[in-house]
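Listed here are the chains, written in short residue letters.
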Amino acid sequence: MNVGIAFVPPASGRYSEHNLDANQKITLMERIAEDFRKYEFIRNIEFIPSEYLRPGGSFDNLDQVSTMYGFDVMVLLSYDQVQYTDEGLVSLTYWTIVGAYIFKGEKNDTSTMIDAAVYDIASRKMLFRAPGISQVKGTATFVNQSEELREDSNRGFELAADDLVVNTQAELERFKKKIKERPEEIK
């Protein structure tokens, strides 16, 4: 079968704060494609620009894009990330001639999820899905908080992508067994 891989287009107002750049998206799609290429039932893999997908476009939109690119199965990738910041006991002491100043510190939690849902276009059936999840706990002082949050965000996406790749490999193996055990369900 031929496979298309794309990121779900963001709904208006989504992904504004924590966004994967184009290079990060391509890297993740290449990692997913690498797993799919290991199987003899995969003929070709195409990366589909998100701009070809409409938010809420459903299978009508997927039908159009699959006709254009000639794929049978679509891997739709989506992601979400939430960061929480709380005042904590972390602090920075700054020594001066007069004495010590203590700046309050922050505790940062970054939760990231990347999801891959694999659909058969003709039957409109979801074949399987695989999540990638990460939790990054960090600390920062007020002075470097935005820098630390960006680093935690990037690290969260990296860890979630690693988890997604592992889970996708496991789901592909389960799917391969399912094809052998119940070929009448998947044509």
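Residues numbered from 1 in each chain as written. Predicted model: local features only at pLDDT ≥ 70, side-chain atom pairs only at ≥ 80, totals over all residues. Heavy atoms only, no water.

(A) Quick look at the confidence of the model for the protein. On average, residues of the protein carry a pLDDT of 81, and 78% of them reach 70 or more. Note on residues 90-94: pLDDT is under 50 here. Beyond four places in sequence and across chains, it has 19 contacts. This model gives residues 101-105 a pLDDT under 50, and the stretch forms 22 contacts once residues within four places in sequence are excluded. (pLDDT = per-residue confidence, 0-100. Contact = heavy atoms within 4.5 Å.)

(B) Focus on the layout of surface pockets. Estimates place the volume of the largest pocket at around 210 Å³. Lining the largest pocket are 14 residues, with Phe 7, Lys 25, Pro 49, Ser 50 and Glu 51 sitting closest to its centre. The set of elements that each furnish at least two residues to the lining of the largest pocket consists of strand 1 (2-7) and helix 1 (22-37). The biggest single contributor to the lining of the largest pocket is helix 1, with 4 residues. Of the residues belonging to the lining of the largest pocket, the class tally is 10 nonpolar, 1 polar and 3 charged. (1 Å grid on protein atoms, 1.4 Å probe; cavity = no way out; pocket = protein on both sides within 12 Å on 5 of 7 lines; lining within 4 Å. Points joined across faces, edges and corners; volume = space filled by probe spheres on them. Helix = DSSP H or I, 4+ residues; strand = E, 2+ residues; numbered from the N terminus. Nonpolar A, V, L, I, M, F, W, Y, C, P; charged D, E, K, R; others polar.)

(C) Broad picture of helix 2 (residues 58-69). Between the first and last C-alpha of helix 2 there are 17 Å, a value that for 12 residues agrees with the 16 Å anticipated at 1.5 Å per step. Gly 70 sits one or two positions beyond helix 2 and adopts a positive phi of about 75 degrees. (Expected span 1.5 Å × (residues − 1).)

(D) Geometry of the packing of aromatic side chains. Counted under the stated rule, the structure contains 7 aromatic pairs. On the numbers, 5.7 Å between centres and 85 degrees between planes, the contact of Phe 59 with Tyr 119 is edge-to-face. Remark: Tyr 119 occurs in strand 4 (residues 100-120) and Phe 59 occurs in helix 2; sequence separation between them is 60 residues. A relative accessible area of 17% places Phe 59 in the buried class. Geometrically, the ring pair formed by Tyr 79 and Phe 157 is edge-to-face, given 5.5 Å between the ring centres and 85 degrees between the ring planes. Here the residue Tyr 79 occupies a position in strand 3 (residues 73-95), and Phe 157 occupies one in helix 3 (residues 145-181), the gap between them amounting to 78 residues. Each member of the pair, Tyr 79 as well as Phe 157, carries the same accessibility label: buried. Members of the aromatic cluster, each reached through a chain of ring pairs, are Tyr 39, Phe 41, Phe 128 and Phe 175. In this arrangement the basic side chain of Lys 25 is found over the ring face of Phe 7, its NZ or CZ atom lying 5.4 Å from the centre. (Phe/Tyr/Trp six-rings, centres within 6.5 Å; stacked < 30°, edge-to-face > 60°. Buried < 20%, exposed > 50% of the residue type's maximum accessible area, 1.4 Å probe, protein only. Lys NZ or Arg CZ within 6 Å of the ring centre and 35° of its normal.)

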